[in-house]
Amino acid sequence: MSDTFLVGVEKCDMNIFGYNFEIRKASKKEISAIPAHNFPGGYKHLLSSRSKPMLLSTVYRCVDLISDSVAVLPLKTYSLDKDGFKTDFKTHPAYYLLNLEPNEDMTRFVFFKTLMASVLLEGNGFAYIERSSYLEPLQLIYLPKSQVSIVWVTDKNGILRKRYQVVGFKELVEPRDMIHVLNFSYDGIYGVSTLTHAAQSVNIATKSEEHADGFFDSGGGISGILTVENKRLDDPQKEQMYKTWDKRIAKRPNGIAILEGNMKYQPISISPKDSQLLESRQFNVVDICRFFSVSPVKAFDLSKSSYSTVEATQLQYLTDTALAVITKIELEINRKVFLPSERGSVVAEFDTSAILRTDKAAQAAYWKDMFYVGGATPNVIRRENNLPRDPNGDKSFVPVNVQTLDNAVKEISTNNEENFKVSDNSVVSV
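Residues numbered from 1 in each chain as written. Predicted model: local features only at pLDDT ≥ 70, side-chain atom pairs only at ≥ 80, totals over all residues. Heavy atoms only, no water.

**Student:** Would you explain the sheet that holds strand β3 (residues 75-80) in this entry?
**Tutor:** Picture the strands of a sheet paired through backbone hydrogen bonds; they go either parallel or antiparallel. Taken in spatial order, the three strands of this open sheet run β4-β3-β12, and their pairing is antiparallel. The outermost strands of the open sheet, each flanked by one partner alone, are β4 (86-88) and β12 (346-350). Going from strand to strand, the sheet's axes swing by 45° on average, the running direction of each strand aside. Here β3 runs beside β4; their pairing, made up of three bridges, is antiparallel. In the sheet register, S79 faces β4, and the bridge partner there is T87. (Pairing = 2+ DSSP bridges. Helix = DSSP H or I, 4+ residues; strand = E, 2+ residues; numbered from the N terminus. Axes fitted to C-alpha atoms, helices over the stretch in contact; angles between N-to-C directions.)

**Student:** I keep staring at the sheet that holds strand β9 (residues 178-182) and nothing clicks. Help me out?
**Tutor:** Strands sit in the order β6-β5-β9 across an open sheet of three strands; the sheet is antiparallel. Across the chains shown, the open sheet's two edge strands, defined by having one partner strand only, are β6 (137-143) and β9. Averaged over all adjacent pairs, the angle separating strand axes in this sheet is 20°, with direction ignored. As defined by bridge partners, strand β5 (residues 124-131) adjoins β6 across six bridges and the pair is classed as antiparallel. By the bridge assignment, E130 is partnered in β6 with Q139. Its contacts with the sheet put helix α6 (residues 108-122) on β5, β6 and β9, and the angle it makes with β5 is roughly 140°. (Contact = heavy atoms within 4.5 Å.)

**Student:** It is not clear to me how the packing of aromatic side chains should be interpreted in this structure. Could you clarify?
**Tutor:** What describes a pair of aromatic rings is the distance from one ring centre to the other and the angle between the planes of the rings. One pass over the full model with this rule turns up eight aromatic pairs. Considering the side-chain rings of Y128 and F169, the 5.3 Å spacing of their centres and the 80° angle between planes classify their relative orientation as edge-to-face. One end of the pair, Y128, is in strand β5; the other, F169, is in the loop between β8 (160-166) and β9, and 41 residues separate them in sequence. In this structure, Y128 and F169 share a single accessibility class: buried. When the centroid spacing of 5.0 Å and the interplanar angle of 80° are considered together, the rings of F184 and Y186 count as edge-to-face. Aromatic rings pair up to connect F111, F112 and F350 into one cluster. A cation over a ring is seen here: K86 above Y78, with NZ or CZ 6.0 Å from the ring centre. The ring centre of Y317 lies 5.2 Å from the NZ or CZ of K298, which sits over that ring. (Phe/Tyr/Trp six-rings, centres within 6.5 Å; stacked < 30°, edge-to-face > 60°. Buried < 20%, exposed > 50% of the residue type's maximum accessible area, 1.4 Å probe, protein only. Lys NZ or Arg CZ within 6 Å of the ring centre and 35° of its normal.)

**Student:** What am I meant to see in the pattern of salt bridges here?
**Tutor:** For side chains bearing opposite charge, pairing can occur when the charged atoms are close. Overall, the coordinates contain ten salt bridges when judged by the stated rule. Between D155 and R161 there is a salt bridge, with its nearest N and O atoms 3.2 Å apart. Residue E332 is joined to K336 by a salt bridge in which the shortest nitrogen-to-oxygen separation is 2.5 Å. Placement of the pair is E332 and K336 together in helix α11 (residues 307-336), with a separation of four residues, close to one helical turn. Among the charged side chains, a network of salt bridges with common partners joins D64, D68 and K113. (Salt bridge = Lys/Arg side-chain N within 4 Å of Asp/Glu carboxyl O.)

**Student:** Please explain the layout of surface pockets as it appears in this structure.
**Tutor:** Any empty space left between atoms is shown by rolling a water-sized probe over those atoms. Roughly 510 Å³ of volume is contained in the second largest pocket. Considering the residues around the second largest pocket, the lining is formed by 17 residues, among which K76, Y78, D351, R383 and E384 are closest to the centre. If you list the elements that add at least two residues to the lining of the second largest pocket, you get β3, α5 (94-99), α12 (360-372) and α13 (378-384). (1 Å grid on protein atoms, 1.4 Å probe; cavity = no way out; pocket = protein on both sides within 12 Å on 5 of 7 lines; lining within 4 Å. Points joined across faces, edges and corners; volume = space filled by probe spheres on them.)

Don't take any of this as a statement about function, it's just geometry.
Below you can see the structure in the form of structure tokens.
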């Protein structure tokens, strides 16, 4: 690696819970340089690499929607008992790190939104895990894709191992200290940007937008040949006519043009309808949405939708798009942020119930069902709806008109035994 990247790094060997760790911890100086040297040319440098795709409203909406869907969900840390029941683990170092402030410069919302935007637009999202001397997570530092590359090193046994090379870090970063979220991948090592697969559709959409912009810029598509009968014009006269015509059209693009003498105008352009400009632009929305696994309805294309379509689309989006993104982030965090000794006893999960936050009807139906099966006490429901504790609300309730299968079978058996006790000697009075 170049000498320009050499800075201090702490390095030591430790044995914790039977696991050997070779700590390669980047110094504070290295970490602080990450946000400082991200954009050497300012934010214009960042925007220039994504300008054309992100200027398309459909691409912007899809990226904004998917990244927001992840960022709005609380990411909580739970402790698991031997039966798999979960309890909020608020004393764990990662609890507020994952749910509130991953690093000193970002909230959870900003961190995950930025990470997901990188995944969708660049194919890969990176975050360095800064740890204490006890291997506890201190910060999750977002790294732009341009600052990270994957390299392979050979260990003492001749086996190739994956490492991450970060601009400004002297030492290579081991996989357990790097959160790496992949988009679609062919090898499971490096993700491919959605825009790479959608390049042709994005280019067509961009050309359509440029054509539409040029069409309206030119005053509604007035294009043709201006001829002067029985006269040959020299170059200065032609230039003067161009200037006069452009000036006339610029001032009154949708009006009429007055031709002098023996001048004649012959249009040669086709209309927007004939060129299927509007139809192609509408098709571009649908085609780009396919690449992002987003329904056109979620991109505000309501041309072929109804209320029932919108409702079904919301459920489809959660199961087909958001769930896959949430799962890949959860798995990456659980296998990297927590120590191997904590696996099976500590887990981080997104709280998807936050999706119902603005849908009061769905939220009421959910908690009602949870109450009637004894899954939530009144105080649990009150807590989740920002209401104060009720002194008598810590007990679970179930309806009295239902019973367990064991009791139901027991009653049937008892009744049958009583019926068998009736003999022929029994007297029946009439």
